[in-house]
Amino acid sequence: MKNNRCAAGCNFSTNRRDFLKKSALVAAGSVFMGSFASFASERNYVLPRIHSYGKARKYIPQIEVAFVRRKEDYGMWWPGAIYDGEEALRKYTEGLNKISKESGVELNIRKSPVFNLEEADKWLAKARSSNADGLVVMVLDRQQHSWPTAKKASESGIPAVIFSPLGTSFTTNTAGYSGKPGCVVYSTNDFSQLEYGIRMLEAGARIKQSRCVIIAGNKRMQTKLADTGISLQYVPADTFINTYNTTSVNSDIIALADEYIGQARDI
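Residues numbered from 1 in each chain as written. Predicted model: local features only at pLDDT ≥ 70, side-chain atom pairs only at ≥ 80, totals over all residues. Heavy atoms only, no water.

(A) Quick look at the side chain of Thr149. Looking at the element boundaries, Thr149 is found in helix H5 (residues 146–154). Residue classification places Thr149 among the buried positions, given a relative accessible area of 1%. Discounting chain neighbours no more than four positions away, the residues touching Thr149 are Val68, Val114, Leu117 and Ala120. (Helix = DSSP H or I, 4+ residues; strand = E, 2+ residues; numbered from the N terminus. Buried < 20%, exposed > 50% of the residue type's maximum accessible area, 1.4 Å probe, protein only. Contact = heavy atoms within 4.5 Å.)

Here it is, written out as structure tokens:
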């Protein structure tokens, strides 16, 4: 950067000023946040919330939800339980709608339960064709097609949360999902566990919509991280340096530097 100062009344490009200010914030944050977090915790400081930007911030994850049970209400299918269709549908739908409203995801709830494997296949096919971000399988029965449907969901390639209230699963039903990537089973009556799972689906969907800029190398290119789906945008290393070197020192830059120095807790 040229070591000269322009007059106090000189004009400075808004785009250039914004660029430098945002770049300085990013650089300062990445270098300083780790040590400051420790510093803050020792002195009871509250870390500022980090706001998200770009496509991921506005993206609304689409999650397909289906209840699974027998069509009849009763049969000699001991051991296990079958939840009342109408009451369970009303109760859990109410809870799901609340989660949707509070979390910012779109929960597309199938109007009627999945009553057989053919319906399960159609539901999963629709989820794939619509590029759903996640699946929620509400298991309301231990018998017949219930767990085969859960298995199909877990192998669909779409992240899946399987909610199994008490009486709809035994260890023989859930053991095969332990450690299986891409799905989680909550065998509990605790509905907050389901909310936690949906928020995981939300986070995963937003991560896949995220993009990170990497200033390195000598060419522009874009790739994806295989495990998270994050887009990596490579920008040549000299892009930042060239912009830095061609930016003259003026009153705005000096004021910005003074602001950082004046607010710094330690240098």
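(B) Structural view of the sheet that holds strand E2 (residues 106–109). Overall, parallel pairing links the five strands, which are arranged E2-E1-E3-E4-E5 in an open sheet. Each edge of the open sheet carries a strand with a single partner, namely E2 and strand E5 (183–186). Neighbour to neighbour, the strand axes of the sheet diverge by 20 degrees on average, direction disregarded. Most of the contacts of helix H4 (residues 117–129) go to strand E3 (residues 134–139), to which it runs at about 160 degrees, and overall it touches strand E1 (62–68) and E3. Helix-sheet contacts for H5 involve E1, E3, strand E4 (160–163) and E5, and the interaxial angle to E3 is about 170 degrees. (Pairing = 2+ DSSP bridges. Axes fitted to C-alpha atoms, helices over the stretch in contact; angles between N-to-C directions.)

(C) The arrangement of the packing of aromatic side chains in detail. Enumeration over the complete set of coordinates arrives at four aromatic pairs. Geometrically, the ring pair formed by Tyr92 and Phe163 is edge-to-face, given 5.8 Å between the ring centres and 75 degrees between the ring planes. In this pair, Tyr92 sits in helix H3 (residues 85–103) while Phe163 sits in strand E4, placing the two residues 71 residues apart along the sequence. Judged on exposure class, the residue Tyr92 and its partner Phe163 are both buried. Both rings, one in Tyr92 and one in Phe191, keep their centres 5.8 Å apart while their planes meet at 20 degrees; by these two values the pair is stacked. Note that Tyr92 is positioned in helix H3 and Phe191 in helix H7 (residues 191–208), a separation of 99 residues in sequence. We classify Tyr92 as buried; its relative accessible area is 4%. The exposure class of Phe191 is partly exposed, given its relative accessible area of 23%. Of the aromatic side chains, those joined through ring pairs into one cluster are Tyr92, Phe163 and Phe191. (Phe/Tyr/Trp six-rings, centres within 6.5 Å; stacked < 30°, edge-to-face > 60°.)

(D) A look at the sheet that holds strand E7 (residues 221–224). What the three strands build is an open sheet, ordered E6-E8-E7; its pairing is mixed. Only two strands of the sheet have a single partner each, and these edge strands are strand E6 (211–215) and E7. For this sheet, the mean angle separating the axes of adjacent strands, direction not counted, is 25 degrees. The pairing of E7 with strand E8 (residues 231–235) spans four bridges and is classified as antiparallel. Looking at E8, one finds that Gln222 is bridged to Gln233.

(E) Examining the confidence of the model for the protein chain more closely. Averaged over all residues, the pLDDT of the protein chain equals 82, while 79% of them reach at least 70. Here residues 1–14 is a poorly scored stretch, pLDDT under 50, and it has 21 contacts once near neighbours within four places are set aside; other chains count. Between residues 23–40, whose pLDDT stays under 50, and residues either more than four places distant or in other chains, the model counts 13 contacts. (pLDDT = per-residue confidence, 0-100.)

(F) Representation of H4 within the structure. Over its 13 residues, H4 extends 18 Å from the first C-alpha to the last, a length consistent with the 18 Å expected when each residue adds 1.5 Å. Among all positions of H4, only Ala120, Trp123, Leu124 and Ala127 are buried. Seen along its axis, H4 keeps its buried residues to an arc of 95 degrees; they face one direction. Facing away from the buried side of H4, by more than 90 degrees, are the exposed residues Glu118, Lys122, Lys126 and Ser129. In this structure, the buried side of H4 is in contact with E1, E3 and H5. Where H4 begins, one side-chain oxygen reaches toward the backbone nitrogen of Glu118, 3.1 Å away; that side chain belongs to Asn116. (Expected span 1.5 Å × (residues − 1). Arc of directions from axis to C-beta. Polar contact = N/O pair within 3.5 Å; in protein donor to acceptor, adjacent residues only side chain to side chain.)

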